[in-house]
Structure formats: C-alpha cells, structure tokens
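Structure assessment
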Amino acid sequence: MSPPAMMHFQEPSSNGHTVAVPASKVANLPHATAVPVKGATKTQSIEEMAGKWSDFSFAPIRESQVSRAMTRRYFADLDAYAESDIVIVGAGSCGLSAAYCLAKARPDLKIAIVEAGVAPGGGAWLGGQLFSAMVMRKPADAFLRELGVPYEDDGAESNFVVVKHAALFTSTVLSKVLQFPNVKLFNATAVEDLITRTDGNGIRIAGVVTNWTLVSMHHDDQSCMDPNTINAPVIISTTGHDGPFGAFSAKRLVSMGGLPALGGMRGLDMNTAEDAIVKGTREIAPGLIIGGMELSEVDGANRMGPTFGAMALSGVKAAEEALKIFDV
Ligand code: 48N
C-alpha cells in the first residue's frame, strides 16, 4: 500500500522559490487539523507488519500536531493540578509507595507528584554500590505482593527477600502509580519553596512552589526566574537525604523557623534505622508529612544503607497519615 501523497504547505511561486504558507492558512488546511488520512491509520498488529517492511509507512503527520498533542495536555494538567488535594515531593521509593497507596485508597483525591529528576525513582533503580539486586526486610515483602513484584525468599528462616533487580520494583510501582487517573507526575520539576500560612499557632504548609529543575539550579547565575505554585492542604515530602535537593522540606522548614533544628542523619545501623523511619513517618508541621530518608535528617535517625523495606512502608504510613488529615 503506497502511502498517501503528502500535501505540501509551501506554495511554489512563479520564480520557483518556495513561499511559506502563513500558519493561519495552514491551520485552515483540512489535513492540518490532524484529520487522519483515510486508510493510513488502519490498526495493525505487529504480526501483520512482520516481513512486510518494504511496504511499511507511518500515517502522515504534521509536526505541529505533535507539539499540540504535548502542550495541550501539559497545560491542561498544570491548570487542573494547580489546586491539588495532596502534593508528594520526590518520586523515590518512599514517595512512589505513598502515591500508590493514596491513589488506590482515594480515587477522588487529586494527587500531584513533583520530581526534580527527569527520571523518577530516586535511589531505587539499583541496590547498594550500584549492584542490581534490591533487598527488602520482612514484612515489607507484603508491599511487593501488593504490587505483584516477584522476589526470591529463602523461606521462613530468612528475614528478608530479594528483588532480582531494583528497577523491577521501581518500574512496577512507577507504572502502577502513573496509571491511576487521579495522579499527575510533574518530573524535571523542583519544589524550590513551600507555600505557608501563618496564624496564631505558627506555620501551616499550604502548597509548594515549583520551577523547572534546571531553572532552580541556576538561580545563582540568572536572576528573576520566578516560580509557579501548587496549592494543596497536604504535602508529603520524601526528598531523600542526598542529592542537590536532598531533605529539601526539612531544611526549608528550619530556615523559615518552622522547626528548631535538623537532627542530622546518624551512622549506618540497619536494625535501628528502618524501624525508626517507618514508625517516625508523621506530620512534622501542620500540612507537612515527612517520610523516607528525609526523615532521618529531621529526627537524627540512623541510615540503613542498601535495604529498602523501610522506604516502602514509610510510604504506606505517610499515605495513612495524610488520609487522617483528610478525614478530619
Ligand atoms: O530515593 P530518594 O533519595 O529518597 P527516598 O526517601 O524515597 O528513598 C531513600 C533511599 O533511596 C535510600 O537513600 C536508601 C534506602 N539508602 C539509605 C542509606 O542509608 O544510604 O528519592 C528522593 C527523590 C529523588 O528522586 C529526588 O530527585 C527528589 O526526591 N527530590 C525532589 N523533587 C522535587 N523537588 C525537590 N526539592 C526535591 N528534592 C529531592
């Protein structure tokens, strides 16, 4: 099947030079409105294409159609989530686990996830020292079963399970979170401040201040790049303990006088660390819940090193704490 003749948007002029068609005129051309060319977009299976590549062609497109498909959706999302119910700052293992639990429990809530990296997932794409396998201590294997992530278990005698590649856990929880209709991930976007309200009882967190991450990283060498905002009554901050923005909300809370001082993460002690992080996940200031490794900076908890069960269960608890606030 030969592809339909592509209509050109340039009008040949009398002297043979091409004269561009003004965009307003292009927009009026029938095919500029993304009307699929008849017959060119027949749904096919991979099997139907196999072996017939010599006749293969994509259905025709105009570049502006791609641009509009992306920008219309992005700006509609920015508009919709400008007022969110919950904002999760940081899409690492803790933030994603919290997002999964919240989105599943409350499909009526609008959940915005703001992630500074282009790639969400934080430190959970690999185990320790860039090794592949991810260890989760029991009973965090319950969350793996909830997600349907396969793991190796040495049986009742063993106190932990192993996911053969950390990316299997992270890609699974990320995929499930992104499929919830009430969740929007804004990645490559940094929370660079918190929205606050001050009343007789002190500071209440009422949303986040955002900017493109690359912009946030250049406020020192480029002035006047103002941010955007998202209003929300509940913020769950899971920004980890390292990286360019690590422990962001905890540090910002101290600098605005909402917290006397940081406890400062202590040395590695797996047993102490994981229990403390899960049990300590809580609302640190009105409207702000902190979980995951960011909490170790608040409380002065130990670090646990290359084991991720506390991250998953801290996310589960952070979701539970957020729902308490909502149900008040
Ligand atoms: O993976 P992290 O860093 O954080 P957690 O708490 O989800 O998981 C921590 C875990 O990976 C460990 O550190 C393990 C268990 N090791 C412990 C140890 O002892 O060494 O994810 C945080 C995410 C990252 O993706 C950051 O890019 C993002 O948060 N982030 C932000 N996103 C938006 N705005 C910010 N200001 C910001 N700060 C960090």
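Structural notes, computed from the coordinates. Since we're looking at a predicted model, the values are computed, not measured.

Moving on: the environment of Ser97. With respect to the helices and strands, Ser97 occurs in helix α4 (residues 93–105). Using a relative accessible area of 0% as the deciding quantity, one classes Ser97 as buried. A sequence separation of 182 residues divides Ser97 from Lys279, and the C-alpha atoms of the two residues are 16 Å apart. When neighbours within four sequence positions are excluded, Ser97 is seen to be in contact with Phe143, Phe169, Val173, Met311, Ala312 and Gly315. Separated by 2.6 Å, the side chain of Ser97 and the backbone oxygen of Ser93 make a polar contact.

With that out of the way, let us pick up the site of the ligand. Taken together, 28 residues lie around the ligand, and Glu115, Gly123, Met293, Arg303 and Gly305 are the ones closest in. At 3.2 Å from a nitrogen atom of the ligand is found a main-chain nitrogen or oxygen belonging to Phe245. Within the contact set of the ligand, an oxygen atom lies 2.7 Å away from a backbone nitrogen or oxygen of Gly305. Protein contact buries 91% of the 790 Å² of open area that the ligand shows by itself. When residues of the shell around the ligand are traced back to their parent elements, those giving at least two are α4 and β9 (189–199). Counting residues per element, the shell around the ligand draws most heavily on β9, which supplies three residues. Classifying every residue of the shell around the ligand gives 12 nonpolar, 14 polar and two charged.

Attention shifts here to α4. Relative to the 18 Å expected for 13 residues at 1.5 Å per residue, α4 spans 18 Å between its end C-alpha atoms, a close match to the ideal helical length. Of all 13 residues in α4, 11 are buried; the element is thus mostly enclosed. Listed as buried for α4 are Ser93, Cys94, Gly95, Leu96, Ser97, Ala98, Ala99, Tyr100, Cys101, Leu102 and Ala103.

Let us look at the packing of aromatic side chains. Within the structure shown, the criterion is met by nine aromatic pairs. Aromatic side chains Tyr74 and Phe75 sit 6.1 Å apart centroid to centroid with 75° between the ring planes, which places their arrangement in the edge-to-face category. Measuring from centroid to centroid gives 5.9 Å for Tyr100 and Phe143, while their planes differ by 85°, and the two rings are edge-to-face. Of this pair, Tyr100 sits in helix α4 while Phe143 sits in helix α5 (residues 141–147), placing them 43 residues apart in sequence. Note on Phe143: relative accessible area 5%, which makes it buried. The rings of Tyr74, Phe75, Tyr81, Phe186 and Trp212 are connected pair by pair, giving a single aromatic cluster. Just above the ring of Tyr81 sits the side chain of Lys110; from NZ or CZ to the centre is 5.8 Å. In this structure, Lys184 packs its charged tip against the face of Phe186, placed 5.4 Å from the ring centre.

Reading the values: rules and limits
Residues numbered from 1 in each chain as written. Predicted model: local features only at pLDDT ≥ 70, side-chain atom pairs only at ≥ 80, totals over all residues. Heavy atoms only, no water. Helix = DSSP H or I, 4+ residues; strand = E, 2+ residues; numbered from the N terminus. Buried < 20%, exposed > 50% of the residue type's maximum accessible area, 1.4 Å probe, protein only. Contact = heavy atoms within 4.5 Å. Polar contact = N/O pair within 3.5 Å; in protein donor to acceptor, adjacent residues only side chain to side chain. Near = heavy atom within 4 Å. Areas by Shrake-Rupley, 256 points an atom, 1.4 Å probe, with all protein chains shown as cover. Nonpolar A, V, L, I, M, F, W, Y, C, P; charged D, E, K, R; others polar. Expected span 1.5 Å × (residues − 1). Phe/Tyr/Trp six-rings, centres within 6.5 Å; stacked < 30°, edge-to-face > 60°. Lys NZ or Arg CZ within 6 Å of the ring centre and 35° of its normal.

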